[in-house]
Amino acid sequence: YLFSQCLPNDVCDDNHEGFAIDYEAIKMVMELTGRMSNDYFIASQIIDIRKSATSKNTKISTQQRIDIKNEFKNIANNKLPDNNNIRHDGYKILVKANAIAIQSKVKWEEWKSVLEDIDNIPNLSDRIFMWSSVAELLPDEFSKYKKELIEKSIKSAYKLPSFLDTVERIQMIFRTLYRKNITGI
């Protein structure tokens, strides 16, 4: 409700580009997120906040983005990984990547650090998920790296032992390509 301003039975339009919410609503969502214990739900809220704070119709100032970035890092460090679910740092890295993506100016070194952390995830399928997620977050100035990550994801997906897992990862990668209009792969 805090994002969409719609009740559960209302029909809401979600264009996957974020919601038009103000900083006070984002602070409430972050406070609630800080009380969550499930890694997936934490990451999902962080992603929605980042999309909303960086959307074309954002009401969030540069200083507020800095505050949000710092709170993302705080949540990542204090809540993740969730010991009841995925035990590696995948979701923690994803939240930190969203903290980087919320900034208007980013240096490649910050992204490079995230990619190095991804390389330490023991599960190939989860690394593919993370490479594709980071490719989606990278700004256009790093389009060369986006393409490299997507190509790496596709090649790695064919190395997965489960055919179903391969198909699911390939679908995810192509959704990223479609949503972000990444071409030339």
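Before going into details, it helps to say that this report is about the structure given with it. (Residues numbered from 1 in each chain as written. Predicted model: local features only at pLDDT ≥ 70, side-chain atom pairs only at ≥ 80, totals over all residues. Heavy atoms only, no water.)

Re the overall build of the chain
What counts is decided by this rule: For helices the rule is a DSSP run of H or I covering at least 4 residues; for strands it is a run of E covering at least 2, with both sets numbered from the N terminus onward. Here the globule rule reads 2.2 Å times residues to the power 0.38, and the radius of gyration is calculated from C-alpha atoms. Think of it in three bands: residues with accessible area under 20% of the maximum for their type are buried, residues over 50% are exposed, and the middle band is partly exposed, with areas taken using a 1.4 Å probe on protein chains only. Two residues form a contact once any of their heavy atoms are found within 4.5 Å. The charged-residue count follows a simple rule in which Lys and Arg add positive charge and Asp and Glu add negative charge, with His and chain termini not counted at all. By convention, the charge on Lys lies at NZ, on Arg at CZ, on Asp at CG and on Glu at CD.
Along the chain, the regular secondary structure elements total eight helices and zero strands. Ordering the α and β elements of the chain from the N terminus gives α-α-α-α-α-α-α-α. For the chain, whose C-alpha radius of gyration is 16 Å, the value lies close to the compact-globule estimate of 16 Å for 185 residues. A principal-axis box enclosing the C-alpha atoms of the chain has dimensions of 45 × 40 × 35 Å. A total of 185 residues make up the chain; the buried ones form 45% of that total. The long-range share in the chain, meaning contacts at least 24 apart out of those at least 6 apart in sequence, stands at 61%. Between the mean site of the 27 positive side-chain charges and the mean site of the 26 negative ones, the chain shows a separation of 4 Å.

Quick look at the nonpolar core
General note: in soluble globular proteins, nonpolar side chains tend to be found buried as a group. Cut-off, in case you're wondering: Among buried residues, those of type Ala, Val, Leu, Ile, Met, Phe, Trp, Tyr and Cys that are joined through side-chain atoms within 4.5 Å constitute a nonpolar core.
Counting residues in hydrophobic clusters, the biggest one holds 52 residues, and the most contacted among them are Ile68, Phe72, Trp111, Ile118 and Val134. When contributions to this core are tallied by element, the ones reaching two or more residues are α1 (23-34), α2 (39-54), α3 (62-79), α4 (90-101), α5 (108-118), α6 (124-137), α7 (143-157) and α8 (163-179). Here this core takes eight residues from α4, the largest share from any one element. Sequence-distant contacts of tryptophan 111, that is, excluding residues within four places in its chain, are made with Ala97, Ile100, Ala101, Val106, Val134, Leu137, Leu138, Pro139 and Phe142.

Observations concerning the packing of aromatic side chains
The description of two aromatic rings rests on the distance between their centres and on the angle between their planes. We apply this condition: Pairing of aromatic side chains requires ring centres within 6.5 Å, counting the rings of Phe and Tyr and the six-membered ring of Trp. Pairs whose planes differ by under 30 degrees are stacked, by over 60 edge-to-face, and all others tilted.
Scanning all chains against the criterion turns up four aromatic pairs. Connected via pairs of aromatic rings, a cluster forms that spans Trp108, Phe142 and Tyr145.

These results come straight from atomic positions and should not be treated as a statement about function.
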